[in-house]
Amino acid sequence: MNFVNIKKNQEIFSKKITFYYKKPDLLTRLSILSMSAKYDNSCSSSGGKRETHPYGIGNSYLSGICHTWSSDGRCVSLLKILMTNFCINNCKYCINRRQNDVPRAILTPEEIANLTLEFYRRNYIEGLFLSSGIYRNPDYTMELMIKAAKILRYKYYFNGYIHLKLIPGASRELIEEAFKVADRVSSNLELPTEESLKKLAPDKSFIKLYQPLQVIRDIYEEKQLKAPASTQIIIGATPDTDKTILSVSEKLYREKMVRRVYYSAYIPVNKDKDLPDIKNPPFLREHRLYQADWLLRFYGFKLDELFENSENLSLEIDPKLAWALRHLENFPIELTKADYYELIRIPGIGPVSAKKIIQARKYGELSPESLKKLGIPLKRAKYFITIKGKSLLQLNKKEINLFKEKQLELFPKFFINLPCKFSYTTVHFVDF
Amino acid sequence: MQILVYDGTFCGFLTVINLLFLGKKPLDNVQIENSRITRIKSGLFTEKIISKPEIAKNFYEYLRKNLPIEFFKKIYLYYLCDTAKIEISLIRVLKEIEKNPIIWKNITHTDVNRLYQVEKNFRREKHRYLGVLRFIELPERILFSWFEPKFNILPCIYKHFINRFPNENFIIFDNFRKLIFIYLKKKMGLFFVDNLEIEISYNVDPFISFWRTYLKEISIPERINFERQRNRLPLKLRKYLPEFQEI
């Protein structure tokens, strides 16, 4: 009798055990780990130059390919996933911090490789973006991630794109190993200053986060190009100014440490006394920082030119327009004579439009109509350019009246004492 | 208005271009149609142009000798832009090149600009489908994909997939033009298949549910912006994407 009861109890107990400790199925783990990876902004698949292996699958497309767009409008080109969201760190802004009670999961290197391969065969993705929480210790985590990449590269001869996140604190040998198998690597600096890091990520330090990027730079030393690495900085979690953030980026670009810095607007996912209490994440500020970053990288602007009067970028107007309005002495620019670098400084005209203008004026005459035909947007540019000495700004009667009213509103006292009436029909914005 | 209908082949395209290029008829009252994609098959003003390989070959050789090499390479591309109806603009540019060999570089010229815009759209469409084309795994690990592109891009994109999946077996089917590309056991073929109708069940492939789950979880709720998504991925493209199908 007792024996039967004991056996029954054992069965019930073992069922309970299996119920509580059952490893979630692959779909559930994929769901947990992709949800945990979503706050990483990087999803670029450009820059890879691998050809297909004769016995394998996959190659890289230099300019990158977008495969779909998620409901937040972001391009999806890689299987962006965490290997695990178990983490020994306790960063206050992070959803996967140690003290958070969230579902946790881990994928084995073989599972990651298989998922990547099957997605790739169906043309869902360009490759893998593998990041991870720190599981046990940095070296162990980095080893598992490298193992997943090696299975792809050496077992399946997969030559698609692989981006590996470098784990801060991992040994130099492992970082070098990761760089060998990956097309691009990254290490997130998270916050722009040491004080901010101490406050929000006590387990991290600036040197610890910077060290993996330095290792990559050392390996890449013989090449004069920027190292194939990237980083990410959180915006709005600390009171750091735009100038501080961009000066960090500018230093990284100057020293050729990274090809790109990503900016991520702080989204409150945790509650803590050190975190700002905001309702709307600073998406517009993030957008302005990206615009300024582009000006630094592709438009020949210097950091000081963007921050002449203040420590932050204007939210109302884009940084190039703000610079142009501060420097009206440089305008109007004559489109038929200006060189490439002068053209790209005109608000509303970027590298593509500048190249079109240069090609068009080589073989034909420029006119407002021809600019329209070329698809060059004149909405903002028309205030800053001339063609053969003529301004493109043409006001209709409605606009003249509106302009008149607005101008007079600005000077009510002055207007009362005016001795005569002004004619506004000949006034051009660029004359001011 | 005279409507000239060719059979949708490159040979037919060259035959009809040659006919108008040599003829002295004003081009304003002529319309050229591709019989594979047009609804105008016959009518009072419709003339069916029969492909003549000999004429097409001679004309192609003539173009090779007389056109700047960069522009000559684009002739096949203009043929693939079948829905854009740029044949008349092309003939006008070909005629002007005889007088001014660099006219094709002047993108402010109306006809050159039209060709330039269409070429740009074609390249955009081609690049887009390198990513948006989806394969479904059928039994025996054969990958199947179907789509309806605006331009005839299949002859340009199949090489990309052969390079990428040299050891796979796959089929790509243009449902609009009924053009099929087959790559089985490293042998390939590209041909028209009339009257082929296909129905696909998205339950066949288990990885579709993985992909749908992944896409659902990867978007950030605070950033949800369906308008932006629609701008990048218009609804017309979603017809053949498994992640947007109801299962």
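Residues numbered from 1 in each chain as written. Chains lettered and ligands numbered in written order. Predicted model: local features only at pLDDT ≥ 70, side-chain atom pairs only at ≥ 80, totals over all residues.

Colleague: What should I look at first to understand the overall build of chain A in this one?
Modeller: For chain A, the count of helices and strands is 16 helices and eleven strands. Put simply, chain A has 432 residues, and 40% of those count as buried. Long-range contacts, defined here as pairs at least 24 residues apart, represent 69% of the contacts in chain A between residues at least 6 apart. (Helix = DSSP H or I, 4+ residues; strand = E, 2+ residues; numbered from the N terminus. Buried ≥ 20, exposed ≤ 12 C-beta atoms within 10 Å, placed from the backbone. Contact = placed C-beta atoms within 7 Å.)

Colleague: I would appreciate a short explanation of the sheet that holds strand β9 (residues 333–334) of chain A in the present structure.
Modeller: The strands making up a sheet are joined through hydrogen bonds of the backbone, oriented either antiparallel or parallel. One open sheet accounts for three strands, arranged β9-β10-β11 (chain A); its pairing is mixed. Looking at which strands have only one partner, the edges of the open sheet turn out to be β9 and β11 (390–391) of chain A. (Pairing = 2+ DSSP bridges.)

Colleague: Looking at this structure, how should I read the interface of chain A and chain B?
Modeller: Interface size is commonly expressed as the accessible area that is lost once the parts come together. At the junction of the two partners, chain A supplies 38 residues and chain B supplies 43 residues. Secondary-structure elements contributing two or more residues to the side of chain A that touches chain B are α2 (26–37), β1 (68–69), α3 (109–121), α13 (351–363) and α14 (368–374) of chain A. If you tally residues by element for the side of chain A that touches chain B, the top one is α2(A), at five residues. Broken down by class, the residue content of the side of chain A that touches chain B amounts to 17 nonpolar, 14 polar and seven charged. (Nonpolar A, V, L, I, M, F, W, Y, C, P; charged D, E, K, R; others polar.)

Colleague: Teacher, can you tell me more about the sheet that holds strand β7 (residues 179–184) of chain B here?
Modeller: Residue and element names in this part refer to chain B. One open sheet holds the five strands; their spatial order is β4-β5-β6-β7-β8, and the pairing between them is mixed. Since the sheet does not close on itself, it has two edges, and those belong to β4 (136–138) and β8 (187–192), each with one partner. Each strand of the sheet is rotated relative to its neighbour by a mean of 20°, with strand direction disregarded. Judged from the five bridges that link them, strand β6 (residues 169–174) and β7 form a sheet pairing that is antiparallel. By the bridge assignment for β7, Asp-174 is matched with Leu-179. Where helix α7 (residues 154–164) meets the sheet, it contacts β6, β7 and β8, and its direction lies at approximately 160° from that of β6. (Axes fitted to C-alpha atoms, helices over the stretch in contact; angles between N-to-C directions.)

Colleague: Would you mind going over helix α8 (residues 242–254) of chain A with me for this structure?
Modeller: All names here are of chain A. Its 13 residues place the ends of α8 18 Å apart at the C-alpha level, agreeing with the 18 Å of an ideal helix rising 1.5 Å per residue. Buried within α8 are the following residues: Asp-242, Ile-245, Leu-246, Ser-249 and Leu-252. Projected down its long axis, α8 shows its buried positions confined to an angular sector of 115°, all on one face. Opposite the packed face of α8, turned more than 90 degrees from it, sit the exposed residues Lys-251 and Arg-254. (Expected span 1.5 Å × (residues − 1). Arc of directions from axis to C-beta.)

Colleague: In this structure, what is going on with the nonpolar core? I would like to understand it.
Modeller: Residues and elements named next belong to chain A. Counting 149 residues, the largest nonpolar core has Leu-130, Met-145, Ala-148, Leu-164 and Ala-178 as its most contacted members. Among the elements that make up this core, the one with the highest residue count is helix α4 (residues 138–155) (eight residues). The residues contacting Ala-178, other than those within four sequence positions of it, are Met-142, Ile-146, Leu-164, Leu-166 and Val-185. (Core = buried A, V, L, I, M, F, W, Y, C linked by C-beta atoms within 7 Å.)

Colleague: Any chance you could explain the environment of Ser46(A) here in plain terms?
Modeller: Residue and element names in this part refer to chain A. On the secondary structure map, Ser-46 appears in the loop between α2 and β1. Assessed through the 17 C-beta atoms surrounding it within 10 Å, Ser-46 is described here as partly exposed. Between the C-alpha atom of Ser-46 and that of Leu-335, which follows or precedes it by 289 residues, the distance is 33 Å. For Ser-46, the residues in contact, after removing those within four places along its chain, are Leu-62, Ser-63 and Gly-64.

Colleague: What is the right way to read the pairing of strand β5 (residues 161–165) of chain A from this model?
Modeller: Within a regular strand, the side chains alternate between the two sheet faces. Residues and elements named next belong to chain A. Across the five residues of β5, five count as buried, placing the element largely inside the fold. The alternating pattern of β5 places Tyr-161, His-163 and Lys-165 and Ile-162 and Leu-164 on opposite faces, both of which are buried. Relative to β5, strand β4 (residues 127–131) runs parallel, the two being bridged by four bridges. In the strand pairing of β5, Gly-127 is matched with Tyr-161.

Colleague: How do you make sense of the packing of helix α6 (residues 110–132) of chain B against α7(B) when you look at a structure like this?
Modeller: Each pair of packed helices can be summarised by the angle the axes make with each other and by the distance between the axes. Residue and element names in this part refer to chain B. One way to put it is that α6 packs onto α7 with a least axis distance of 10 Å and a crossing angle of 40°. Classified by the angle their axes make, α6 and α7 are oblique. In this structure, the crossing between α6 and α7 has a hand that is right-handed. The segment α6 lies against α7, with Lys-126, Tyr-129 and Leu-130 engaging Cys-156, Ile-157 and His-160. (Parallel < 35°, antiparallel > 145°, perpendicular 65-115°, else oblique. Left-handed = near helix turned anticlockwise from the far one by under 90°.)

Colleague: Can you walk me through the domain arrangement of chain B in this structure?
Modeller: Residues and elements named next belong to chain B. On domain assignment, one finds that chain B holds domain 1 (2–125) and domain 2 (133–244). A C-alpha centroid distance of 30 Å is found between domain 1 and domain 2. Each partner contributes residues to the interface: domain 1 has eight residues there, and domain 2 has nine residues. (Domains from an automatic or database assignment.)

Colleague: Teacher, can you tell me more about helix α2 (residues 53–66) of chain B here?
Modeller: Since the α-helix turns once every 3.6 residues, residues separated by three or four places project in the same direction. The end-to-end C-alpha distance of α2(B), which contains 14 residues, comes to 20 Å, matching closely the 20 Å that a straight helix rising 1.5 Å per residue would cover. Buried residues are scarce in α2(B), accounting for one of its 14 residues.

Colleague: So what exactly am I meant to see when it comes to the environment of Asn89(A) here?
Modeller: Residue and element names in this part refer to chain A. Tracing the chain through its elements places Asn-89 in the loop between β3 (78–82) and α3. Since 17 C-beta atoms lie within 10 Å of it, Asn-89 is described here as partly exposed. Considering only alpha carbons, one finds Asn-89 and Pro-202, 113 residues apart in sequence, at a separation of 8.5 Å. Sequence-distant contacts of Asn-89, that is, excluding residues within four places in its chain, are made with Arg-97, Arg-98, Ile-134, Asp-203 and Lys-204.

Colleague: I'm lost on the confidence of the model for chain A in this one. Help?
Modeller: Predicted coordinates in regions of low pLDDT should not be interpreted in detail. Residue and element names in this part refer to chain A. Per-residue confidence for chain A gives a mean pLDDT of 87; residues scoring 70 or more make up 88%. Confidence over residues 13–21 falls short of pLDDT 50; this stretch has zero contacts with residues more than four positions distant or in other chains. Overall, residues 414–432 carries pLDDT values under 50, and its contacts beyond four positions in sequence, including any with other chains, amount to 14 contacts. (pLDDT = per-residue confidence, 0-100.)

Colleague: Explain the environment of Phe10(B) to me, please; I cannot follow it from the model alone.
Modeller: Residues and elements named next belong to chain B. Position of Phe-10 among the secondary structure elements: in helix α1 (residues 10–22). Considered as a pair, Phe-10 and Ile-107 are 97 residues apart in the sequence and their alpha carbons are 26 Å apart. Not counting residues within four places of it along the chain, the set of residues in contact with Phe-10 comprises Tyr-76 and Tyr-79.

Colleague: Help me understand unusual backbone geometry in this model?
Modeller: Among all residues save glycine, negative phi is the norm, and among peptide bonds the norm is trans. Cis peptide bonds are those with omega within 30 degrees of zero, and the linkage from Phe331(A) to Pro332(A) qualifies with 0°. Tracing the backbone through its elements, the reader meets Pro332(A) in the loop between α11 (319–326) and β9. Residues other than glycine seldom take positive phi values, yet Lys85(B) does so here, at roughly 55°. If you trace the backbone, Lys85(B) turns up in the loop between α4 (75–80) and α5 (87–99). For Lys85(B), a count of 15 C-beta atoms within 10 Å puts it in the partly exposed group.

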